[in-house]
Amino acid sequence: MTLPAHENTTPLSCVEICAGAGGQALGLEEAGLSHQALVEIDPDACQTLRANRPQWNVLQADVRGVTPAALLNGRGRPDLLAAGVPCPPFSLAGNQLGCGDERDLFPAALTLIQALKPRAVIIENVKGLLQEKFRDYRASILQRLADSGYRAEWRLLNSCDFGVAQLRPRAVLVALRPDVSGYFRWPEPSTPTGASPLVGDVLRASMASRGWELAEFWAMQAQRIAPTLCGGSKKHGGPDLGPSRARQAWAEIGVNGAGVADLPPSPGDPLPVKLTIAQMALLQGFPPDWIFEGRKTSAYRQVGNAFPPPVAEAVGRSIAKALVRADSTRLARPPASAQRNRAGTPM
């Protein structure tokens, strides 16, 4: 479904920073938004974006140095600014230094919001950001947005509620201009309770693709929601499925979390099996034809750090609907001068 065009002539526009491998961008595209620029510092992720969407204006840059003019790309103010700022400053698996971490890019995002003045903002991060220890930090972000003329709210969204085969809770911030905020409603779960996609169903065909005789057996005992994929950072971690507790959870569904496979299993391969990059991308909600550039570790981090496209699409649709409704109301309302004239007030 495509949403109505903005003001009946121009698609809703979006600028995205910290775009990664395109999980959020893909979801927003499905929600009817057109990207005028995407910023990402990692060269492999930039190549991933370009390989899948050659028409996108991808800028390889540190957001702390990018100019508003570069993001506008010769066009006007964007309807939406989207961001997936780095998670390590707030991750439960890290040191949780918050604003004391050099990777904290919330300040850079807020600076660009003040400069670009988009009508709407979406920023996603890890669940850890919603902890009590970061309450003052979250409040400071809300206050700065309020000072810039936005009404903002944090919300925890579970990816499994939107058709993703992981629980994968995400902290999502949506900020809107006052003329838009009254039309916004957070998306309702699109997956009925107890009907979330399960690992075995999502990966059954892939596991059987090279004739593995245990594929159906594996799929039947993998009928559960996946543990959250952990992408790690360039400072720590490699191509594995996370810390020991996460690996234990993967082992319970027949997956060896100590590494990543190059290909799906073939005849004679024993349990547990390692997942491929493509299989993990399916569990993250990417379409099967999405290409990930770079070596194995880089590609895995791109997948593991992504905002699942179906979740981004759900939030993006809610924002787009609010924008369109605000525009429809504004266009239907007579100019102030006409209202005064009808009331008998001299023009």
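Preceding block: the structure.
Basis of the calculations
- Residues numbered from 1 in each chain as written.
- Predicted model: local features only at pLDDT ≥ 70, side-chain atom pairs only at ≥ 80, totals over all residues.
- Heavy atoms only, no water.
- Helix = DSSP H or I, 4+ residues; strand = E, 2+ residues; numbered from the N terminus.
- Buried < 20%, exposed > 50% of the residue type's maximum accessible area, 1.4 Å probe, protein only.
- Areas by Shrake-Rupley, 256 points an atom, 1.4 Å probe, with all protein chains shown as cover.
- Pairing = 2+ DSSP bridges.
- Axes fitted to C-alpha atoms, helices over the stretch in contact; angles between N-to-C directions.
- Arc of directions from axis to C-beta.
- Contact = heavy atoms within 4.5 Å.
- Core = buried A, V, L, I, M, F, W, Y, C linked by side-chain atoms within 4.5 Å.

Caption draft 1: Quick look at the overall build of the protein chain. For the protein chain, the helix and strand inventory stands at 13 helices and seven strands. Counting across all 347 residues of the protein chain, residues that qualify as buried make up 50%. Element-wise, carbon and sulfur atoms account for 53% of the exposed surface of the protein chain, whose accessible area totals about 15,500 Å².

Caption draft 2: Structural detail: the sheet that holds strand S3 (residues 58-60). As summarised here, the arrangement of the seven strands in space is S3-S2-S1-S4-S5-S7-S6, forming an open sheet in which the pairing is mixed. In this open sheet, the two strands that pair with only one neighbour each are S3 and strand S6 (151-158). Averaged over neighbouring strand pairs, the angle between their axes works out to 15° when direction is ignored. Note that strand S5 (residues 120-126) and strand S7 (residues 169-176) share seven bridges and pair antiparallel. The partner of Val121 across the bridge, within S7, is Ala175.

Caption draft 3: Seen up close, helix H7 (residues 199-208). Every buried residue of H7 is listed here: Val199, Gly200, Leu203, Ser206 and Met207. Take H7 and look down its axis: the buried residues cluster within an arc of 130°, on one side only. Where the residues of H7 are buried, they touch helix H8 (215-221) and helix H10 (277-283).

Caption draft 4: Molecular detail of the nonpolar core. Counting 38 residues, the largest nonpolar core has Trp218, Trp250, Leu275, Met280 and Phe292 as the members making the most contacts within it. When contributions to this core are tallied by element, the ones reaching two or more residues are helix H1 (23-30), helix H2 (43-52), H7, H8, H10 and helix H11 (296-304). The element contributing the most residues to this core is H10, with four residues. Ala109, Leu116, Trp154 and Ala171 belong to the second-largest nonpolar core, a separate cluster that totals 31 residues.

Caption draft 5: Structural view of the environment of Gly304. Mapped onto the secondary structure, Gly304 falls in helix H11. A relative accessible area of 2% means that Gly304 is categorised as buried.

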